[in-house]
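The primary structure of each chain is shown beneath.
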Amino acid sequence: MTQLTLIVFILAIVLNASANILIKASAYRSGEMGAEDFIRQLFNPWLIAGLASFGLAFIAYRHVLSQSVPLSIAYPIMTSLGFIIVLVASRFFFQESLDWIQYAGIAMMIVGLWLVASRMPAAN
């Protein structure tokens, strides 16, 4: 994996996690959505930013996969790191609580990521 591919992969991970956080922010800031609010919510800037982040993450991730990065390695790394980013961001931005079991899960995921990433092709 080239350094550019690694940078694009990191970008894809961050954009994907950011998309989830932004979509949560769109719901968090506007409250519940009734049928009459549907059109108004389509123009919610947090939602638009979240959808744009998903689109950019999709394009970046597709680039990574096109560079002969095995899907069996890329997908677990992308989802696990994204999960960790969302957990931490949820704690700080939305004051969602995390207990010791969740922190232990994050630690185990980091060990698992290290094991999976050890099989990733080296950066050139």
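Residues numbered from 1 in each chain as written. Predicted model: local features only at pLDDT ≥ 70, side-chain atom pairs only at ≥ 80, totals over all residues. Heavy atoms only, no water.

**Some remarks on the side chain of N44**
Here comes step 1: Mapped onto the secondary structure, N44 falls in the loop between α2 (38-42) and α3 (45-66).
Here comes step 2: The exposure class of N44 is buried, given its relative accessible area of 10%.
Here comes step 3: Side-chain polar atoms of N44 contact the backbone nitrogen of W46, separated by 2.8 Å. (Helix = DSSP H or I, 4+ residues; strand = E, 2+ residues; numbered from the N terminus. Buried < 20%, exposed > 50% of the residue type's maximum accessible area, 1.4 Å probe, protein only. Polar contact = N/O pair within 3.5 Å; in protein donor to acceptor, adjacent residues only side chain to side chain.)

**Focus: helix α4 (residues 71-93)**
Here comes step 1: Helix length check: α4, at 23 residues, gives a terminal C-alpha distance of 31 Å against a target of 33 Å (1.5 Å per residue), a fit within 8%.
Here comes step 2: Those residues of α4 lying buried are I73, A74, I77, M78, S80, G82, I84, L87, A89 and S90.
Here comes step 3: Residue Q95 follows α4 closely and has a positive phi angle near 55 degrees. (Expected span 1.5 Å × (residues − 1).)

**A word on α3**
Here comes step 1: Its 22 residues place the ends of α3 31 Å apart at the C-alpha level, agreeing with the 32 Å of an ideal helix rising 1.5 Å per residue.
Here comes step 2: Where α3 is concerned, the buried positions are L47, G50, S53, A57, A60, Y61 and V64. In an axial view of α3, the angular spread of the buried residues amounts to 150 degrees, which keeps them on one side of the axis. Turned more than 90 degrees off the buried face of α3, the exposed positions are P45, L51, F58, I59 and R62.
Here comes step 3: A side-chain oxygen of the first residue of α3 lies 2.8 Å from the backbone nitrogen of W46; this N-cap is N44. (Arc of directions from axis to C-beta.)

Note that all results are geometric; they support no functional claim without further evidence.
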